[in-house]
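# An overview of the molecular structure
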Amino acid sequence: MDDVVADLSRDRSRLGRSSMAEGVADILRDRISQGFFRPGQRLSEESISEGLGVSRNTLREAFRLLGHERLLDHKLNRGVFVRLPSVEDALDLYRVRRVLEGSAVRRPPSPQALVVIREAMRDAERAAAQDDWQAVGTANIRFHQALVTLNGSPRIDELMRQLLAELRLVFHVMDNPRALHEPFVHRNRALLELIEAGRTDDAAAYLDDYLEHAEKLLVHAYEPNR
């Protein structure tokens, strides 16, 4: 509990940019995307409200918002838990990714977006060199979030943030994060090179194969529990 309070207290400066409940939801969504909260974990109202310096009522409203996004489960008389997505959820997430990211790589990239994409790619490469596969997963999430900004749509960006938070929960189905993330460290660089070269059709085809590869790894990880 003390670790949660100390860690979340650093996020207090982010509050106040929108409604308080939405600001809290944004922070918790980002923490889920970073792997800070894991599927099945019970969220303590006491530690989170103390860490962020918000009321229990504000926190409960944030929990409600994230419940609608399928990130949290409210269990009667037990509390609020981080949700474990099903294999059907995982398959649906990849259906949506093919639409959002497939559209993005077919568009001319802006220099600003390329800077962010390249930075996330290099962060993943540095984390892989340090054998920090949790950090690789976080950098990979940022890579794909930045990739979607090529669509030039704030609404799509927001949808992708929600999708990637849910996807991070799917990642936990694999006991070995290296097996999931390592193949895509190099594939991210290859995809970015195609985008930078203006080879949009090749980038789209490469992305299709990339997402199919990732989807198969995750579906296979679900099989022992089906």
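Everything below is about the structure printed above this text.
Report on the accompanying structure. Everything numeric in this text was worked out from a predicted model, so none of it was measured.

Criteria and cut-off values
Residues numbered from 1 in each chain as written. Predicted model: local features only at pLDDT ≥ 70, side-chain atom pairs only at ≥ 80, totals over all residues. Heavy atoms only, no water. Helix = DSSP H or I, 4+ residues; strand = E, 2+ residues; numbered from the N terminus. Contact = heavy atoms within 4.5 Å. Polar contact = N/O pair within 3.5 Å; in protein donor to acceptor, adjacent residues only side chain to side chain. Core = buried A, V, L, I, M, F, W, Y, C linked by side-chain atoms within 4.5 Å. Buried < 20%, exposed > 50% of the residue type's maximum accessible area, 1.4 Å probe, protein only.

With that out of the way, let us pick up the environment of E215. In this structure, E215 sits in helix α10 (residues 200-222). Considered as a pair, E215 and S86 are 129 residues apart in the sequence and their alpha carbons are 13 Å apart. With near-sequence residues (within four places) excluded, E215 lies in contact with L91, Y94 and R98. Side chain to side chain, E215 and R98 meet in a polar contact 3.0 Å long.

Another point: the nonpolar core. Grouped together as the largest cluster of nonpolar side chains are 42 residues, with contacts concentrated most on I195 and L218. Put simply, the parts of the chain that give this core at least two residues each are α5 (87-105), α6 (111-129), α7 (133-148), α8 (154-171), α9 (177-196) and α10. In contact with L218, other than residues within four places in its own chain, are Y94, V170, F171, V173, M174 and L180. Among the nonpolar cores identified, the runner-up in size contains 21 residues, and V4, I27, L28 and F63 belong to it.

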